[in-house]
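Reading the structure
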Amino acid sequence: MKLEGKKVLLTGASGGIGEELAQELAAQGAHLLLHGRRGPALDRLCKALPHPERHQVVIADLGVAHERAKLLQHPALEDGLDILINNAGCNQFAWLEDQSAEQVERQLLLNIEAPIQLTRALLPTMRKPGIIMNMGSSFGSIGYPGYSVYCASKFALRGFSEALGRELEGSGIKVLHFAPRATRTKLNSEAAYEMNAELGTQTDSPQEVAEEAVIALCNETRRSWLGWPEKLFVQLNALLPAIVDKALAKQLPVIERYARHLQARTAEPGVGAQPQPVLSRPIPTKKEL
Ligand SMILES: NC(=O)c1ccc[n+]([C@@H]2O[C@H](COP(=O)([O-])OP(=O)(O)OC[C@H]3O[C@@H](n4cnc5c(N)ncnc54)[C@H](OP(=O)(O)O)[C@@H]3O)[C@@H](O)[C@H]2O)c1
C-alpha cells in the first residue's frame, strides 16, 4: 500500500517506537491521528512533523473503556480510516508473584483488550483497501521468564491478528502482525537493559524498528519478526520448544537476579513520562548469590 494521503490512527505515538513511526509515516505523506496520554508530547511531535496541518492529536488512556469511547468519537474518524496501528503497550519485568494485581491488569488491558476493542469498533468504517497493524513482540512467540504477563498479552495479540486476518480474507482489509525484538525505549526497565547487556542480547533503536514497520506496511507483510537470532528462536520455539526450555534454564539465574533484585517501575509501567527506575538495593554479584 502506498502511504501518500492515507489516514492513519497510530496509538502510542507520544514516545518510543510510536514517535519514530509517526515521523516515518508523515514523511511518506500519511495523514495521522496521533494518540497518547501526554498531550504536550503529542503537540510537540505534531508540530515537528512534515505538514503539521495534516495531522491531529487525540488523548486517551486506552486501559479505560470510556476513554477509548472518547477516542472513537474523534471527528477525524468520522469518514473512516485507511490504517489502524495498535502500537501502545506496556510491560512489567518481574516475577509473577512480585507483580500486583493492578500491574497484571494494566498489561492485559493495554496490550490485548484495547487493540481488540479498538479494532472491533473501527472495522465497520475502515476504508478498503485497509490495513490493521498490531505491534507484537518476539515475546509474543517465545515465553521468557520475568515477562509472563507481557508474553501472555503478546501471544494473545498474535493469535488475534492471525485469526482476524483469516476472518477478513478477501474483504479488502489486511491484518499485519509486526514483532520487534528488544528496542531501546522507555518501555523497558533499567534492570531489563542491564540483563540484556549481561546476556549479550542485542537491541534495536526505535528508528530502525519504525523503518522496518513502514516497509512491512508498504509491502503488506502479514507476519514480521525483527532481528537475528530472535527470528531463529521464534521458529525453534515453535518446532522444538524443549531446546529453548534448556537454553533459558541456563540463563535463569541471571534473569532472576535482575527480575527480582531491581525495583521495577511500579506506578505506570512502560510509560514514557516516568522517570527511570531506581535501584531498591544493589544487585548482588554472582559470588554473593
Ligand atoms: N521497547 C521494546 O523493547 C519493544 C519490543 C517489542 C515490542 N514492543 C512493543 O512496541 C510498542 C511500543 O513500545 P515502546 O517501546 O515504544 O514503548 P514506550 O516508549 O514506553 O511508549 C509507549 C507508548 O504507549 C502509550 N501508552 C502507555 N500506556 C498507555 C495507556 N494506558 N493508554 C494509552 N497509551 C498508553 C504511551 O503514551 P504516554 O507516554 O503518552 O502515556 C507511549 O506513547 C508496544 O506495543 C510494545 O509492546 C516494544
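These lines cover the structure that appears in this document, whether it is placed above or below.

Conventions adopted
- In every chain, residue numbers begin from 1 and rise along the written sequence.
- Predicted model: local features are reported for residues with pLDDT of at least 70 only, side-chain atom pairs are reported and counted for 80 or more only, and whole-chain, interface and lining totals are derived from all residues.
- Working from all heavy atoms in the structure, the side-chain values ignore hydrogens and water.
- Helix numbers and strand numbers start at the N terminus; a helix is a DSSP run of H or I with at least 4 residues, a strand a run of E with at least 2.
- Exposed residues in this analysis have more than 50% of their type's maximum accessible area, buried residues have under 20%, and partly exposed residues fall in between, with area computed by a 1.4 Å probe over protein chains only.
- Any two residues whose heavy atoms approach within 4.5 Å at even a single point are treated as in contact.
- Only four residue types enter the tally: Lys and Arg on the positive side, Asp and Glu on the negative side; His and the chain ends are excluded.
- Throughout, a charge is located at the NZ atom of Lys, the CZ atom of Arg, the CG atom of Asp or the CD atom of Glu.
- Side-chain atoms alone can form a polar contact between residues adjacent in sequence; in general such a contact is a pair of N or O atoms within 3.5 Å, and within protein one must be able to donate a hydrogen while the other accepts it.
- Note on patches: the residues involved have over 30% relative accessible area and no salt bridge, like charges join within 9 Å, and the nonpolar side chains Val, Leu, Ile, Met, Phe, Trp and Tyr join within 5 Å.
- Accessible areas in this description were obtained via Shrake-Rupley with a 1.4 Å probe; residue shielding takes into account the shown protein chains only.
- Salt bridges are counted wherever a side-chain nitrogen of Lys or Arg sits within 4 Å of a carboxyl oxygen of Asp or Glu.
- Aromatic rings from Phe, Tyr and Trp, with only the six-membered ring used for Trp, were paired whenever their centres fell within 6.5 Å, and each pair was classed as stacked if the ring planes differed by under 30 degrees, edge-to-face if by over 60, and tilted otherwise.
- Ring-over charges, as used throughout, are those where CZ of Arg or NZ of Lys falls within 6 Å of the ring centre and within 35 degrees of the ring normal.
- Each axis is a line fitted through C-alpha atoms, taken for helices only over the stretch in contact, and angles between the N-to-C directions span 0 to 180 degrees.
- Take the far helix as the reference: if the near one is turned anticlockwise from it by less than a right angle, the crossing is left-handed, and if turned clockwise, right-handed.
- Following the grouping adopted for this structure description, the nonpolar residues are Ala, Val, Leu, Ile, Met, Phe, Trp, Tyr, Cys and Pro, the charged ones are Asp, Glu, Lys and Arg, and the polar ones are all others, Gly among them.

**Details of the overall build of the protein**
From N to C terminus, the protein includes nine helices and seven strands. Taken across its 289 residues, the protein has 49% of its residues classed as buried. For the protein, restricting intrachain contacts to residue pairs at least 6 apart in sequence, the fraction spanning at least 24 positions comes to 70%. A distance of 2 Å separates the average location of the 32 positive side-chain charges in the protein from that of its 32 negative side-chain charges.

**Side note on the environment of Asn237**
Within the element layout of this structure, Asn237 appears in helix α8 (residues 230-239). Distance from Asn237 to Glu208, taken between C-alpha atoms, is 25 Å for residues 29 residues apart in sequence. When near neighbours in sequence (up to four residues on either side) are disregarded, Asn237 contacts Ser141, Ile142, Gly143 and Val244. Polar contacts involving the side chain of Asn237 include one to the main-chain carbonyl oxygen of Ser141, which spans 2.8 Å.

**Topic: a nonpolar patch on the surface**
A cluster of nonpolar side chains, Leu239, Leu240 and Ile243, forms an exposed patch at the surface whose accessible area comes to about 320 Å². With respect to the helices and strands, Leu239 occurs in helix α8. On the basis of relative accessibility, which here comes to 69%, the residue Leu239 falls in the exposed class.

**Details of the packing of aromatic side chains**
Two measures describe an aromatic ring pair: the distance that separates the ring centres and the angle between the ring planes. Per the stated rule, a full pass over the model turns up five aromatic pairs. Geometrically, the ring pair formed by Phe139 and Tyr144 is stacked, given 4.9 Å between the ring centres and 15 degrees between the ring planes. Residue Tyr144 is classed as buried on the basis of its relative accessible area, which comes to 11%. In this arrangement the basic side chain of Arg158 is found over the ring face of Phe155, its NZ or CZ atom lying 5.4 Å from the centre.

**Some thoughts on the packing of helix α3 (residues 65-72) against helix α4 (residues 101-122)**
Packing of α3 against α4 brings their axes to within 11 Å, and their N-to-C directions diverge by 35 degrees. Our pair here, α3 against α4, has a crossing hand that is right-handed. Every residue of α4 that contacts α3 at Arg68, Leu71 and Leu72 is listed here: Glu113, Ala114, Gln117, Leu118, Ala121 and Leu122. A per-class count over the contact of α3 with α4 returns six nonpolar, one polar and two charged.

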